[in-house]
Amino acid sequence: MLFDCASLSPENTYKLLVSTIVPRPIAWVTTLDAEGRPNAAPYSFFNAMSGSPPVLCIGIGPKREGLKDTGENIRRSGQFVVNLVPESAAAAMNVTAIDFPPGVDELLEAGLTAVPSTHVGPPRIAESPVAMECERIAVVEVGHGRAVVLGRVLAFHIDDACVLDPVKCYVDTPKLGLIGRMHGAGGYLRTSDRFEMPRIALADWQDKRAAD
Ligand SMILES: Cc1cc2nc3c(=O)[nH]c(=O)nc-3n(C[C@H](O)[C@H](O)[C@H](O)COP(=O)(O)O)c2cc1C
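Residues numbered from 1 in each chain as written. Predicted model: local features only at pLDDT ≥ 70, side-chain atom pairs only at ≥ 80, totals over all residues. Heavy atoms only, no water.

**Looking at the nonpolar core**
Of all hydrophobic cores here, the largest spans 23 residues; its most connected members are V29, L56, I58, F80, V82 and M132. Among the secondary structure elements, those contributing two or more residues to this core are β2 (27-32), β3 (38-43), β5 (55-60), β6 (79-83), β9 (130-143) and β10 (146-158). In terms of residue count, the dominant contributor to this core is β9 (four residues). Of all hydrophobic cores here, the second largest spans twelve residues; its members include I26, W28, V85 and M93. (Core = buried A, V, L, I, M, F, W, Y, C linked by side-chain atoms within 4.5 Å. Buried < 20%, exposed > 50% of the residue type's maximum accessible area, 1.4 Å probe, protein only. Helix = DSSP H or I, 4+ residues; strand = E, 2+ residues; numbered from the N terminus.)

**Points about the pairing of β2**
Counting buried residues in β2 gives six out of six residues, a clear majority hidden from the surface. Side chains of β2 alternate between two faces, with A27, V29 and T31 and W28, T30 and L32 buried alike. As judged from the six bridges shared by β2 and β3, these two strands associate in the antiparallel manner. Bridged to T30 within β3 is A40. Connecting the antiparallel pair β2 and β3 is a turn made up of five residues, with G36 showing a positive phi of about 85°. Note that β2 and β6 share three bridges and pair antiparallel. Paired with W28 across the strands is N83, a residue of β6. (Pairing = 2+ DSSP bridges.)

**Considering the sheet that holds strand β1 (residues 24-25)**
As summarised here, the arrangement of the three strands in space is β1-β13-β14, forming an open sheet in which the pairing is antiparallel. Of all strands in the sheet, those bounded by a partner on one side alone are β1 and β14 (188-190). Pairing of β1 with strand β13 (residues 179-181), which is carried by two bridges, proceeds in the antiparallel orientation. Residue pairing across strands places P25 opposite G180, the latter belonging to β13.

**Some details on the site of the ligand**
By nearness alone, 18 residues border the ligand, and P42, Y43, F45, K68 and T70 come closest of all. Between the ligand and N39 there is a distance of 2.9 Å, counted from an oxygen atom to a side-chain nitrogen or oxygen. Measuring from an oxygen atom of the ligand, one finds a backbone N or O atom of A97 at 3.1 Å. Across the complex, the protein chains shield 86% of the 650 Å² of accessible surface that the ligand would expose by itself. Elements with a contribution of two residues or more to the shell around the ligand: β3, β5 and α2 (69-77). Within the shell around the ligand, the residues separate by chemical class into eight nonpolar, five polar and five charged. (Near = heavy atom within 4 Å. Polar contact = N/O pair within 3.5 Å; in protein donor to acceptor, adjacent residues only side chain to side chain. Areas by Shrake-Rupley, 256 points an atom, 1.4 Å probe, with all protein chains shown as cover. Nonpolar A, V, L, I, M, F, W, Y, C, P; charged D, E, K, R; others polar.)

What follows is the structure in structure tokens.
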């Protein structure tokens with residue numbers, strides 16, 4: 001069935017996006033407002049875009065005037081922290097998604113612990129096993145009150161218990177216990193359903209084709 005975006009309402013276009021692009025990792029973003037108060041909120045329009053330099057992107061929607069608080073804080077200050085969400089902090093993450101007025105400290109509301117960052121002003125979340133300190137590269141306007149933030153990762157904080165080899169940078173990914181966003185208003189998944197599929201070298205593929 002063809003769904004042409006030219007004849008779809010914004011609501012239906014959104015439904016097609018979020019019910020097909022799954023799973024989505026969740027950026028649990030901490031920023032500071034203009035008075036220096038912490039702000040936290042989850043964003044699942046999120047992913048890594050480049051390895052070197054390390055670049056990630058976050059899609060931010062509208063809120064009354066302009067972008068949601070996270071977007072306006074990043075636009076103004078240029079700094080943010082992307083915390084990743086373990087299942088143990090899922091309920092707290094959900095509290096930080098409540099549409100609080102600007103100036104409310106979602107970390108306090110959710111009973112979370114703010115830890116000072118090393119390179120940027122916004123704190124990281126202690127309950128998160130991975131936090132990435134970031135600086136803004138660009139805020140790209142993609143529609144009315146909608147923007148994509150591109151950020152450069154300056155530093156990673158990873159829970160000591162989840163680091164297998166600090167020299168080789170091997171991480172015990174299953175131990176992070178991260179969750180992702182799925183379809184439906186309250187759909188999530190665990191990242192424990194994994195299978196192996198080695199990459200195929202071109203020479204091996206050509207040998208296989210020749211033998212067929
Ligand atoms: C799991 C999850 C993922 C979300 N992803 C997004 C997203 O990608 N973009 C967005 O604009 N809002 C998203 N939201 C909604 C925001 O988190 C919510 O509007 C929040 O109140 C924004 O807070 P802020 O204004 O402090 O930034 C998401 C909510 C949840 C629970």
